[in-house]
Each structure stands twice: as structure tokens, then as C-alpha cells.
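What the coordinates show
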Amino acid sequence: MDDIKTLNEYAVLIRENKNSPHILAELQIDCAAKFAFLADIAKDLQLEKAAFWSKKFEGEKPLSDAHLEHQWRLTEGGKKEIKMKYELKGLEHLMAAIKTSSVVNSVEMRMQQ
């Protein structure tokens, strides 16, 4: 993970290289590696969130789910979870775009032969 790029940087590179299968394959590997790296962090965040939610039954009256979720989102872990959710979703879409472009390139190559 020497050169971790932002979603915008990946998007630009994918767009610029949409007709370069080898570069797209490398970009897909990079996106998949970043996805795995973030998913590993997400596991720890989910454990942190579970511990946070244990507060639900600490008082006389249980706290509502909406209240606890709002409180969680205000914590550092909650903010990381929100950012990570959108980062992972963006990477999924970029990888899907790479796959689509690769399929289209492959079909076009076959039709030209």
C-alpha cells in the first residue's frame, strides 16, 4: 500500500485509461487492496460500536436505537465508520466500472478480429 490514492484519483485514472486493459487490471488490484485494508479496519470499528451500544441497558429505561446511533455518529469511531462506508461503496463502484470497461474492451477486440 505504498501509493494509496483517493477515490477521485482512482476515478481520474480509470477514466483516462478506460481503453488500456493492463492499466485497468492494475488499478482494480489497487482498489481491491485498498478495499481489503479498509474492511479490516471496519471490523475493529464494528467491535467498538458493539461495545458502545452496550450502554443501551445501563439506566433504568433502555435508550432508543436512534438515540444511541446518533450518539455513536458523534464519536471518533462513528465518524470513521461513516467515512469508511462511503469509501468502500465508492471503491465497489470503481471496481464495477473497471470490470465493465474490461468486458467492453474484450468484446470490441473479438469483433475486430
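Residues numbered from 1 in each chain as written. Predicted model: local features only at pLDDT ≥ 70, side-chain atom pairs only at ≥ 80, totals over all residues. Heavy atoms only, no water.

What follows concerns the pattern of salt bridges. By the definition in use, this model includes 5 salt bridges. In this structure, E87 engages K34 in a salt bridge whose closest nitrogen and oxygen atoms are separated by 2.6 Å. In this pair, E87 is assigned in helix α4 (residues 76-112) and K34 in helix α2 (residues 21-53), connecting sequence segments 53 residues apart. Residue class for E87 comes out partly exposed when judged on its relative accessible area of 21%. Between E69 and R73 there is a salt bridge whose closest N-O contact spans 3.4 Å. Placement of the pair is E69 and R73 together in helix α3 (residues 65-74), with a separation of 4 residues, close to one helical turn. Overall, the relative accessible area of 46% leaves R73 in the partly exposed class. Beyond isolated ion pairs, a larger network of salt bridges with shared partners links K49, E69, R73 and E81. (Salt bridge = Lys/Arg side-chain N within 4 Å of Asp/Glu carboxyl O. Helix = DSSP H or I, 4+ residues; strand = E, 2+ residues; numbered from the N terminus. Buried < 20%, exposed > 50% of the residue type's maximum accessible area, 1.4 Å probe, protein only.)

On to a nonpolar patch on the surface, then. Taken together, the side chains of I4, F37 and I41 present a nonpolar region at the surface, about 240 Å² in accessible area. One can find I4 in the segment before α1 (7-16). (Patch = residues over 30% accessible without salt bridge, like charges linked within 9 Å, V, L, I, M, F, W, Y side chains within 5 Å. Areas by Shrake-Rupley, 256 points an atom, 1.4 Å probe, with all protein chains shown as cover.)

Below, the discussion takes up the confidence of the model for the chain. The share of residues in the chain with pLDDT of 70 or more is 98%, and the mean pLDDT across the chain is 91. Ranking the elements of the chain by mean pLDDT puts α3 last, at 92, and α1 first, at 96. (pLDDT = per-residue confidence, 0-100.)

For the rest of this paragraph, the subject is the packing of α3 against α4. Put simply, α3 and α4 touch, their axes get as near as 4 Å, and they point 90° apart. For the element pair α3 / α4, the angle class is roughly perpendicular. Between α3, through E69, W72, R73 and L74, and α4, the contact on the second element is made entirely by E76, G77, G78, K79, E81 and I82. Per-class residue counts for the contact of α3 with α4 are 3 nonpolar, 2 polar and 5 charged. (Axes fitted to C-alpha atoms, helices over the stretch in contact; angles between N-to-C directions. Parallel < 35°, antiparallel > 145°, perpendicular 65-115°, else oblique. Contact = heavy atoms within 4.5 Å. Nonpolar A, V, L, I, M, F, W, Y, C, P; charged D, E, K, R; others polar.)

As a further point, take the packing of α2 against α4. Two elements in contact, α2 and α4, have axes separated by 9 Å at closest approach and are oriented at 155°. When the axis of α2 is compared with that of α4, the two are roughly antiparallel. Once α2 is placed against α4, the crossing between them reads as left-handed. Split by residue class, the contact of α2 with α4 holds 17 nonpolar, 6 polar and 8 charged. (Left-handed = near helix turned anticlockwise from the far one by under 90°.)

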